[in-house]
Every structure is written in C-alpha cells, then in structure tokens.
Amino acid sequence: MGKKVFVIDLSICNGCYCCQFMCKDEHSGNDWSPIAKPQPEVGQFWVKLTERVRGTVPKVKVAYRPHLCMHCDKAACMAACPSGNIYKREDGLVVVDSVKCKGCRNCVDACNFDAIYFNEDLNISQKCTGCAHLLDNGWSEPRCVDACPTLAMKFMDEEDAKELIKDAEVWRPEIKDKTQPRVYYLNVPKKFIAGTLYDPVEEEVFIDAKCSLTDVDNGKKYAVVTDAYGDFWFEDLPDGKFKLEVKAGGKTKVFDEIDTTGNDVNLGDIPLA
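This brings us to the pairing of strand β3 (residues 59–68). For β3, the tally of buried residues reaches seven of ten residues, placing the bulk of the element in the interior. Judged from the ten bridges that link them, strand β2 (residues 47–56) and β3 form a sheet pairing that is antiparallel. Residue pairing for β3: Thr 56 is matched across the bridge by Lys 59. The antiparallel hairpin formed by β2 and β3 contains two residues in its connecting segment.

Right, here's the structure in full:
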C-alpha cells in the first residue's frame, strides 16, 4: 500500500462546509473502534473549515481553509505518547488507538497544529483518522474528500501527487522539516493592496490610471491599471513593505512603506486633486 497525502486547493474551496459536516456525520454517534470512538456532537471538529476575512469594506476577500490532522511523518503526538498508543499506518495516516488510549493528554499539548481534541466523557484523545475504517473496507477516500463538491480536496497516492504538490505549501512551513506533514495546500492566498482613485473636483473615478508598486526589500515591481470603477488591486503579494505610485489626469500620489506583514491593505478612496 502506497503512502497517501491530502492535497487541498484553496483557490476552489468555496466555504460550503461539506467536509466539516460529513466528518461529523461519519463519526458523531458511530463507534469505529479501535480506529475511533464516537466524536462528540459539539466541541470537536476533526475537519474544521476556518474562515478568514481579508481586507476592509469594500475591498474584502474571504479565505477558507480545511484544517485537519496533518498526519505528520515526524508526528509530535506519537513521540509524546508514553504508552505508544498513537501509531502510523502503512498508508501514512496517524491514528490514536481509541481502545488503548490512557487519557494522559500529552498528545493534545504536543500537536503543532491544534488538531487533537480531548474527550472528557470517554477520557481519550481524538482526531481525524483519514476515515481509516472506510479505507480498510474498500473506500478510496475519506468522507470529507468524497463530499467536496468543487474537488478542492483530494486524497492521493504520494507518488501520483508528486507533480501536483511540487509547488504546494504546508501549514506552518517554518516547522516543515521538524514535522513533515502529509497535508498539502495549493494556492494559499497571499496579501493584497487595493484602493480606489477618484477626482474630487469632477466627482468621477479615474479609469485606466497607472498604478506602480515596488517591493522595498528586493526592488521587484508590479503594475496594474484601475478598472471601470476606479479600483486597483495588487494581489499575491508577499509579506513586506511596498512603495506605491499612482498616476491619473496629470496628477501623481505616492505612498511609502505600505506594510503587508500583518494584514491585507485597503487604502480606501484616494483623491487625486
């Protein structure tokens, strides 16, 4: 059996929550021991869709990301389990033995991705199993993947996914070598800088106005023009500081050191008088 990976394309995830719903449907009230005991009806989402609002009104985008166990090859939860009751299967999935778990909670604290929950009623740790009980009974993919209407989620043989994931990212890339996660994200949203140019005298927006952006750190340049609404968008930007120059109607305005490190930037309505 080849090792599996999850591949999730965030550019086509539309926030439908099917993955989260189906995980709950499969595991809440169902005992799949020793793979998993029932997931509580509330308080646990082994696949959880996170939603992040980017920018400010009216320059707003929403980013969605399915968050689940990363099934790490160097799983901190396995190392933290004193009784060895967390194991990695041949297909790469990491499973907490729901019968043998002693309830010490070490794995909950050790997980680098906040993907492990503790069930107080059952006194065990619980998390995404990759629906290993289904895979062992003929299914080719977990319920979350099977239910994804946009095919944003895929469950693939690692060998078959090589070309697809060569430019993919992992969650918390700063600890990638330490954890070696098996969940890959495609098209992770980068930062944007946006605004609207208008003439305060004519009370009209500027169309096709030239907007030039320069990365202060490396000098890389970006260029766009305003659309029919006077809006400009610089997208897929890295974290850092930028210098913006906008030109329209013989007028120029410059913004120094726009910082995208923390958030996407909406410069709002910009008058060129």
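Back to the text.
Here we have four strands laid out as an open sheet, ordered β13-β12-β15-β16, and antiparallel in their pairing. Whereas interior strands pair on both sides, the edge strands pair on one side only; in this sheet they are β13 (221–225) and β16 (251–259). Across the sheet, the axes of successive neighbouring strands diverge by a mean angle of 15°, strand direction being ignored. Sheet topology places strand β15 (residues 241–248) next to β16; seven bridges connect them, and they run antiparallel. Bridge assignment links Lys 247 to a residue of β16, and that residue is Thr 252.

Tallying each qualifying case throughout the model produces 20 salt bridges. Across the pair Lys 162 and Glu 159 runs a salt bridge, and its minimum N-O distance is 3.4 Å. The structure contains a network of salt bridges with shared partners spanning Lys 3, Asp 73, Lys 88, Glu 158 and Arg 182.

Turning to the layout of surface pockets, a few remarks are in order. Approximately 490 Å³ is the volume attributed to the largest pocket. Forming the boundary of the largest pocket are 25 residues, of which Arg 52, Trp 171, Val 188, Pro 189 and Lys 191 lie nearest the centre. Listing elements by their share of the lining of the largest pocket, those giving two or more residues are β2 and β3. When residues of the lining of the largest pocket are assigned to their parent elements, the largest contribution, six residues, is made by β2. Its residues assigned to classes, the lining of the largest pocket shows eleven nonpolar, four polar and ten charged.

Time to look at helix α1 (residues 18–27). Listed as buried for α1 are Cys 19, Gln 20, Cys 23, Lys 24, Glu 26 and His 27. Looking down the long axis of α1, one finds its buried residues gathered within 165° of arc, a one-sided arrangement. Packed against the buried residues of α1 are β2, β3, α4 (132–135), α5 (143–147) and β8 (153–157). Backbone geometry just downstream of α1 places Gly 29 in the positive-phi region, at approximately 85°.

Moving on, we come to unusual backbone geometry. For the bond from Ser 33 to Pro 34, the omega torsion is 5°, close enough to zero to count as cis. Omega for the peptide link from Val 57 to Pro 58 comes to 5°, which places this bond in the cis form. For Pro 58, the position within the fold is in the loop between β2 and β3. One non-glycine residue, Asp 208, lies in the positive phi region at around 60°. Despite not being glycine, Glu 257 has its phi angle at roughly 50°, a positive value. Inspection of the secondary structure puts Glu 257 in strand β16.

As enumerated under the stated definition, the model contains six aromatic pairs in all. For the ring pair Trp 171 and Tyr 185, a centre distance of 5.9 Å and an interplane angle of 65° mean the geometry is edge-to-face. Placement of Trp 171 in the loop between α6 (162–165) and α7 (176–179) and of Tyr 185 in strand β9 (residues 183–186) is noted, with a sequence separation of 14 residues between them. When the centroid spacing of 6.3 Å and the interplanar angle of 65° are considered together, the rings of Tyr 222 and Phe 242 count as edge-to-face. With a gap of 20 residues between them, Tyr 222 in strand β13 and Phe 242 in strand β15 connect regions that are remote in the sequence.

Turning next to the sheet that holds β9. The pairing of strands in a sheet happens through backbone hydrogen bonds and is either parallel or antiparallel. Here three strands make up an open sheet; going across it, the order is β8-β1-β9 and the pairing mixed. Whereas interior strands pair on both sides, the edge strands pair on one side only; in this sheet they are β8 and β9. On average, adjacent strands in this sheet sit at an angle of 25° to one another, irrespective of strand direction. Strand direction decides the pairing type here: strand β1 (residues 4–9) and β9, joined by four bridges, are parallel. Paired with Ile 8 across the bridge in β9 is Tyr 185.

Calculation criteria
- Residues numbered from 1 in each chain as written.
- Predicted model: local features only at pLDDT ≥ 70, side-chain atom pairs only at ≥ 80, totals over all residues.
- Heavy atoms only, no water.
- Buried < 20%, exposed > 50% of the residue type's maximum accessible area, 1.4 Å probe, protein only.
- Helix = DSSP H or I, 4+ residues; strand = E, 2+ residues; numbered from the N terminus.
- Pairing = 2+ DSSP bridges.
- Axes fitted to C-alpha atoms, helices over the stretch in contact; angles between N-to-C directions.
- Salt bridge = Lys/Arg side-chain N within 4 Å of Asp/Glu carboxyl O.
- 1 Å grid on protein atoms, 1.4 Å probe; cavity = no way out; pocket = protein on both sides within 12 Å on 5 of 7 lines; lining within 4 Å.
- Points joined across faces, edges and corners; volume = space filled by probe spheres on them.
- Nonpolar A, V, L, I, M, F, W, Y, C, P; charged D, E, K, R; others polar.
- Arc of directions from axis to C-beta.
- Contact = heavy atoms within 4.5 Å.
- Phe/Tyr/Trp six-rings, centres within 6.5 Å; stacked < 30°, edge-to-face > 60°.

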